[in-house]
Amino acid sequence: MTLATAKTRSGKKPRSGEGASGGGKRRERVIDRGAWFLVLPALIPILVLSVGPLLYGIVLAFTDAQSGRTEPTQWIGTLNFQDLYHDTLFWESFRIGLLWAVGVTVPQFVLALGLALLLNQRLRFRWLARALAIVPWAMPEVVVGIMWRLVYNADAGILNETIRDFGLGDGRDWLTGLATALPAVIVVGIWAGMPQTTVALLAGLQNTPDELHEAAALDGAGAWRRFRTVTWPALKPVALAITALNFIWNFNSFALVYVLTSGGPGGRTRLPMLFAYEEAFRYGQFGYAAAMGCVMVAVISVLLAVYLVGRLKSGDEK
């Protein structure tokens, strides 16, 4: 149909671009539907395995759910949270969890940064060093915990045997001593989590153009100045992201500490996740344990929100 015919039949001239605009909107709707179909296979497991249990746990926190009860579960409002507010043992475990998370995350990042800088150099057998650096990452946490229990063994552990061989004493009970249990577990956490931080930082270093380092070297900048003015600005986004993720992972840690000490001695290594686990599966207080989980999720969400706001502000400044 020609434009003249269309004008004659409708009695008015079509607006310019009207057909193209309508077709473009239809194409956008089709593309949106196709995108949802592509995302759906990944979205369903998240909803079923993450969002669903999270919502159920939030509901459970407002009930008196217990194991072995013959009476139906009742809605008790915020009573679990009120009891939790006055539970000094929980807040002590929360303090230990923060000490653990900071004590693992900070040295982990510093050591991983040094290792990433070393592995980024042109060294002989660099490929072998990189492969060995990620070995702890490939090991399950349960295996890591059992291995380090053998290292810390008071009678025949490698650590105590080395101390005796060098004449530095008779060794000690590292995992059962009140003063040494938490530092000993922190060392294991640093060793186990350092590879993933190293890999992330090494990827960031390799994305930094060599021309910038060469230009800074021609200007007379030393190694420290090149790191401060060239390497660190390029590495900073990766460093902030991996540090935030490590803190969250470490704060929510469970398996490693459970295998090493089960929260002992005397609760010195009882992390919040361990405390909630014991309340739920040892004492059967499901509602109370769910309230603990809600508090931990809220704290992590606030910390994550602060991090994201800081990242957005720094992005706006750039």
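Only a predicted model underlies this, so the values are computations on that prediction, with no experimental measurement involved.

Tell me what's going on with the overall build of the chain, and back it up with residues and numbers.
When you go through the chain residue by residue, the secondary structure sums to 14 helices and 0 strands. For the chain, the proportion of contacts with a sequence separation of at least 24, taken over those separated by at least 6, is 65%. Split by element, the accessible area of the chain, about 20,000 Å² in all, is 65% carbon and sulfur.

Tell me about the nonpolar core, residues and numbers included.
Ranked by size, the top nonpolar core spans 42 residues in total, and within it Trp100 and Met292 carry the most contacts. Of all the elements in the fold, those that place two or more residues in this core are α4 (88–119), α7 (141–151), α9 (181–206), α11 (223–251), α12 (255–260), α13 (272–281) and α14 (286–317). Residues within four places of methionine 292 in sequence aside, it is in contact with Leu84, Phe90, Phe275, Ala276 and Glu279. Counting 15 residues, the second-largest nonpolar core is a separate cluster that includes Phe109, Ala112, Ala200 and Leu205.

For the pattern of salt bridges, give the residues involved together with the corresponding values.
This structure, assessed with the given rule, holds 4 salt bridges. The partner of arginine 282 in a salt bridge is glutamate 278, with the nearest N and O atoms 4.0 Å apart. You can call glutamate 278 buried: its relative accessible area is 9%. Taken together, the shared-partner salt bridges connect Arg270, Glu278 and Arg282 into one network.

An account of the packing of α4 against α11 is needed here, citing residue identities and associated values.
For the pair α4 and α11, the least separation of the axes is 10 Å and the interaxial angle reads 145°. Note that α4 runs across α11; the crossing there is right-handed. Contact residues: Phe94, Gly97, Leu98, Trp100, Ala101, Val102, Val104, Thr105, Gln108, Phe109, Leu113 and Leu117 in α4; Phe227, Thr231, Trp232, Leu235, Ala239, Thr243, Asn246, Phe247, Asn250 and Phe251 in α11. Of the residues that constitute the contact of α4 with α11, the class distribution is 15 nonpolar, 7 polar and no charged.

Could you give an account of unusual backbone geometry, naming the residues involved and the relevant values?
Residue proline 265 follows glycine 264 across a cis peptide bond; omega there is -5°. By the secondary structure assignment, proline 265 is in the loop between α12 and α13. You will see that serine 262, though not glycine, has its phi angle at about 55°, which is positive. Among the secondary structure elements, serine 262 is positioned in the loop between α12 and α13.

Outline α11, supporting the account with residue identities and numerical values.
With 29 residues, α11 should reach 42 Å at 1.5 Å per residue; the first-to-last C-alpha distance of 35 Å falls well below that figure. Along α11, the sharpest kink reaches roughly 55°, centred on tryptophan 232 and followed within four residues by the proline proline 233.

Could you give an account of the side chain of aspartate 64, naming the residues involved and the relevant values?
Along the chain, the position of aspartate 64 falls in the loop between α2 (18–60) and α3 (79–85). Only 2.7 Å separates the side chain of aspartate 64 from the backbone nitrogen of glutamine 74, close enough to count as a polar contact. Not counting residues within four places of it along the chain, the set of residues in contact with aspartate 64 comprises Arg69, Thr73, Gln74 and Ile76.

I'd like a description of the confidence of the model for the chain, backed by residues and values.
With 87% of its residues at a pLDDT of 70 or more, the chain has an overall mean of 83. Summarising per-element confidence for the chain, the mean pLDDT is lowest in helix α1 (residues 3–10) (45) and highest in α3 (94).

Describe α9, naming the residues involved and giving the relevant values.
Taking 1.5 Å of rise per residue, 26 residues should cover 38 Å, and α9 covers 38 Å from first to last C-alpha, within 8% of that figure. With 20 of 26 residues buried, α9 is to be regarded as a mostly interior element.

Describe a nonpolar patch on the surface, with residues and values.
Together, Phe37, Leu40, Ile44, Ile46, Leu47, Val48, Leu49, Val51, Leu54, Leu55, Ile58 and Val297 make up an exposed nonpolar region whose accessible area comes to about 1,100 Å². At 11 residues, α2 tops the list of elements feeding residues into the nonpolar patch. With respect to the helices and strands, phenylalanine 37 occurs in helix α2. Among the residues examined, phenylalanine 37 registers a relative accessible area of 61% and is labelled exposed.

Can you tell me about the packing of aromatic side chains, naming the residues and giving the values?
The relation between two aromatic rings is expressed through the spacing of the ring centres and the mutual angle of the planes. Scanning the entire structure with this criterion turns up 19 aromatic pairs. Connected via pairs of aromatic rings, a cluster forms that spans Phe90, Trp91, Phe94, Phe247, Phe251 and Phe275. When the ring centre of tryptophan 174 is taken as origin, the NZ or CZ atom of arginine 172, which lies over that ring, is 5.8 Å away.

Please set out the environment of glutamate 279 residue by residue, giving values where relevant.
Inspection of the secondary structure puts glutamate 279 in helix α13. The exposure class of glutamate 279 is buried, given its relative accessible area of 14%. The spacing of glutamate 279 and methionine 292 is 13 residues in sequence and 9.4 Å in space, taken between C-alpha atoms.

Give a detailed account of the environment of threonine 269, specifying residues and quantitative values.
Take threonine 269: it is sitting in the loop between α12 and α13. Between the alpha carbons of threonine 269 and leucine 175 there is a distance of 9.6 Å; along the sequence they are 94 residues apart. If sequence neighbours within four positions are ignored, threonine 269 has contacts with Ile96, Ala181, Leu182, Val185, Val257, Thr261, Gly263, Gly264 and Leu274. Here the side chain of threonine 269 touches glycine 264 through a polar contact of 2.5 Å, landing on its backbone oxygen.

Basis of the calculations
Every chain is numbered on its own, with residues counted from 1 as its sequence reads. Given that this is a predicted model, residues contribute local features only at a pLDDT of at least 70 and side-chain atom pairs are listed and counted only at 80 or more, while totals for whole chains, interfaces and linings are drawn from all residues. Derived side-chain values reflect all non-hydrogen atoms in the structure, with water molecules and hydrogen atoms excluded from consideration. Every helix listed is a DSSP run of H or I at least four residues long, and every strand listed is a run of E at least two residues long, numbered separately from the N terminus. Whether two residues touch is decided by their heavy atoms; if any such pair falls within 4.5 Å, the residues are in contact. Note on areas: these come from Shrake-Rupley sampling with a 1.4 Å probe, and a residue is covered only by the protein chains present in the view. We define the nonpolar core as a collection of buried residues of types Ala, Val, Leu, Ile, Met, Phe, Trp, Tyr and Cys that are connected through side-chain atoms lying within 4.5 Å of one another. Relative accessible area decides the class of each residue, using a 1.4 Å probe on protein chains only: under 20% of the type maximum gives buried, over 50% gives exposed, and in between gives partly exposed. By definition, a salt bridge exists where a carboxyl oxygen of Asp or Glu is found within 4 Å of a side-chain nitrogen of Lys or Arg. Lines fitted to the C-alpha atoms define the axes, with helices restricted to the stretch that makes contact. Angles between their N-to-C directions range from 0 to 180 degrees. Crossing handedness follows the turn of the near helix against the far one: under a right angle anticlockwise gives a left-handed crossing, and clockwise gives a right-handed one. Asp, Glu, Lys and Arg are counted as charged, while Ala, Val, Leu, Ile, Met, Phe, Trp, Tyr, Cys and Pro are counted as nonpolar; the rest, among them Gly, fall into the polar class. Here the expected length of a helix is defined as 1.5 Å per residue gap, with one fewer gap than residues. Here the bend at a residue means the angle between the axes of two seven-residue stretches, the one that ends at it and the one that starts at it. Pairing of N or O atoms within 3.5 Å defines a polar contact, subject to two protein rules: one partner must be a possible hydrogen donor and the other a possible acceptor, and residues neighboring in sequence count only if both atoms are side-chain atoms. Confidence scores per residue from the predictor, reported as pLDDT, run from 0 to 100. The residues that make up patches have over 30% relative accessible area and no salt bridge, and they are joined within 9 Å when like-charged or within 5 Å when they are Val, Leu, Ile, Met, Phe, Trp or Tyr. Between the rings of Phe, Tyr and Trp (Trp by its six-membered ring), a pair exists once the centres lie within 6.5 Å; its type follows the angle of the planes, with under 30 degrees stacked, over 60 edge-to-face, and the other angles tilted. Any Lys NZ or Arg CZ that is within 6 Å of a ring centre and within 35 degrees of that ring's normal is treated as a charge sitting over the ring.

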